[in-house]
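Breakdown of the fold
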Amino acid sequence: MINFVVYGPVPSRRLGHSLGINNIPPKICSYSCVYCQLGSTTDIRVERQTFYQPEEIAQRVKRKVNQVREKNEQIDYLTFVPDGEPTLDVNLGKEIELLKPLGIKIAVISNGSLIWRDDVRQDLQKADWVSLKVDAISRWRRINRPHKLLNPKVILDGMLKFADTFEGKLATESMLIQGFNDNSEEIERIADFLVELKPDVAYLAIPTRPPAVKTVTAANEQVINMAYQVFSRRLGSVEYLIGYEGNAFAFTGNIEDDLLSITSVHPMREEAVIEFLNKASAGWEVVGKLIKDGSLMEAEYRGKKFYMRKLLLDQIQPEEE
């Protein structure tokens, strides 16, 4: 998996052109969210550890940045948004420090589950932009399916502590799922907490890619609008994350490696794959080959075809007791 530590740039609804950093191996996470685009968590844990050496991650990011710049592609953010929870990486802070000299803003998209830890808050303080997940208050366990040792009040208190001292831009994301958190009472509870947290921007999201639990469906338009109105009355900036990001994926040299690295954490819609292949002067046979050898898979969601990298579960090491 070390070959796919860096991917993109990919189009981001929040961050423009984002060069992704995949600092966690497949599906090691503290949550197993019902809507996760990468499937259910296979290794759920809360202890931080070293997965890759920080210097190797920094070297690979720098190499990728140089490749992207040589092709005159744009990078707006270096974004830690891996196969699992990025703060499980005990070296996250050091990796951010090693990347700062590149002069590109650094973002971390986290579920916030470990932010009660002092060392995690210290690491996140080094980033320019941090997103924290706030999907539910009373229905947190049902939608996020967390590690059994996690405590929702402790997590929310940790978020408040972080927000008090963070000098960068703080965002939150709330994923609205039908039958889970789409009632007015739960939406009001989320808004109550966000008023206290005071994020720079609060995003309302729905699944736009195939979810872990196949029966999961997005909240309907009426609920999304209701949530927007509730949030907008009480918060400074509220935005939707309900549209498709677009097809502006950057080709950086090796078509197969680029496709596999992007789809390992960011399933691509069929038309995006076609445009990507055209940019690389390659044909659909590349996709066919990757599907045939078991590297890539096709999935359908809301009438659209998506292509995503198959998780290599034999490479995932179980958590030590």
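Note that the coordinates shown come from a computational prediction; the quantities given were computed from them, not determined experimentally.

Topic: the overall build of the chain
- Helix and strand counts for the chain come out as 10 helices and 13 strands.
- Relative to its full complement of 321 residues, the chain shows a buried share of 57%.
- Put simply, the chain shows about 13800 Å² of open surface, and 46% of that area lies on carbon and sulfur atoms.

Brief notes about the packing of helix H1 (residues 54-70) against helix H2 (residues 92-99)
- Direction vectors running N to C along H1 and H2 enclose 35 degrees, while the axes themselves pass 9 Å from each other. Judged by the sense of rotation from one axis to the other, the crossing of H1 with H2 is right-handed. For the pair formed by H1 and H2, the contact residues are Pro54, Glu55, Ile57, Ala58, Val61 and Lys62 on the first element and Lys94, Glu95, Leu98 and Leu99 on the second.

Focus on the side chain of asparagine 23
- Mapped onto the elements, asparagine 23 comes out in the loop between strand S2 (16-21) and strand S3 (28-29).
- A distance of 3.3 Å separates the side chain of asparagine 23 from the backbone oxygen of proline 86, its partner in a polar contact.
- At 3.0 Å, the side chain of asparagine 23 and the side chain of aspartate 89 are in polar contact.

A look at the sheet that holds strand S7 (residues 129-133)
- Pairing in this open sheet of eight strands is mixed, and the strands run S1-S2-S5-S6-S7-S8-S9-S10 from one edge to the other. The outermost strands of the open sheet, each flanked by one partner alone, are strand S1 (6-12) and strand S10 (238-241). Averaged over all adjacent pairs, the angle separating strand axes in this sheet is 25 degrees, with direction ignored.
- Relative to strand S6 (residues 105-110), strand S5 (residues 77-80) runs parallel, the two sharing four bridges. Paired with leucine 78 across the two strands is isoleucine 106, which belongs to S6.
- Each of S2, S5 and S6 touches H2; the most contacted strand, S5, lies at about 165 degrees to it.

With respect to the confidence of the model for the chain
- Scored by pLDDT, the chain comes out at a mean of 86, with 89% of its residues at no less than 70.
- In this model, residues 312-321 is a region of pLDDT below 50 whose contacts with residues beyond four sequence positions or in other chains number 13 contacts.

Here's the deal with the packing of aromatic side chains
- A complete count under the given rule lists three aromatic pairs for this structure.
- Taking 6.0 Å as the distance between ring centres and 75 degrees as the angle between the ring planes, the aromatic pair formed by tyrosine 31 and tryptophan 140 counts as edge-to-face. With tyrosine 31 in the loop between S3 and strand S4 (43-44) and tryptophan 140 in helix H4 (residues 140-144), this pair connects stretches of sequence that are 109 residues apart. Of the two residues, tyrosine 31 and tryptophan 140, neither departs from the other in class, the shared state being buried.

Looking at helix H5 (residues 152-165)
- Taking 1.5 Å as the rise per residue, H5 with 14 residues should run 20 Å; its terminal C-alpha atoms sit 21 Å apart, in good agreement.
- By the burial criterion, the buried members of H5 are Ile155, Leu156, Gly158, Met159, Leu160, Phe162 and Ala163.
- Check the buried side of H5 and you find it contacts helix H3 (118-125), S7, H4, strand S8 (169-175) and helix H6 (184-197).
- For H5, the side-chain oxygen to backbone nitrogen distance between the N-cap and lysine 153 is 2.9 Å, and the N-cap itself is asparagine 151.

Quick notes on the packing of H6 against helix H7 (residues 221-234)
- Contact pair H6 / H7: the axes reach a minimum separation of 10 Å and the direction vectors enclose 30 degrees. The pairing of H6 with H7 is recorded here as roughly parallel in orientation. Here H6 runs over H7; the crossing is right-handed. In this structure, H6 contributes Ser184, Ile187, Glu188, Ile190, Ala191, Asp192, Leu194 and Val195 to the contact, and H7 contributes Val223, Met226, Ala227, Val230, Phe231, Arg233 and Arg234.
- Its residues assigned to classes, the contact of H6 with H7 comprises 10 nonpolar, one polar and four charged.

A few points about unusual backbone geometry
- Note the cis peptide between glycine 8 and proline 9, where omega equals 5 degrees.
- A positive phi is found at asparagine 72, a non-glycine position, where the angle reads about 60 degrees.

Concerning the nonpolar core
- Counting 86 residues, the largest nonpolar core has Val61, Leu78, Leu99, Met159, Leu194 and Phe231 as its most contacted members.
- Ile255, Ala272, Val287 and Leu296 belong to the second largest nonpolar core, which has 17 residues in total.

What counts as what
Residues numbered from 1 in each chain as written. Predicted model: local features only at pLDDT ≥ 70, side-chain atom pairs only at ≥ 80, totals over all residues. Heavy atoms only, no water. Helix = DSSP H or I, 4+ residues; strand = E, 2+ residues; numbered from the N terminus. Buried < 20%, exposed > 50% of the residue type's maximum accessible area, 1.4 Å probe, protein only. Areas by Shrake-Rupley, 256 points an atom, 1.4 Å probe, with all protein chains shown as cover. Axes fitted to C-alpha atoms, helices over the stretch in contact; angles between N-to-C directions. Left-handed = near helix turned anticlockwise from the far one by under 90°. Contact = heavy atoms within 4.5 Å. Polar contact = N/O pair within 3.5 Å; in protein donor to acceptor, adjacent residues only side chain to side chain. Pairing = 2+ DSSP bridges. pLDDT = per-residue confidence, 0-100. Phe/Tyr/Trp six-rings, centres within 6.5 Å; stacked < 30°, edge-to-face > 60°. Expected span 1.5 Å × (residues − 1). Parallel < 35°, antiparallel > 145°, perpendicular 65-115°, else oblique. Nonpolar A, V, L, I, M, F, W, Y, C, P; charged D, E, K, R; others polar. Core = buried A, V, L, I, M, F, W, Y, C linked by side-chain atoms within 4.5 Å.

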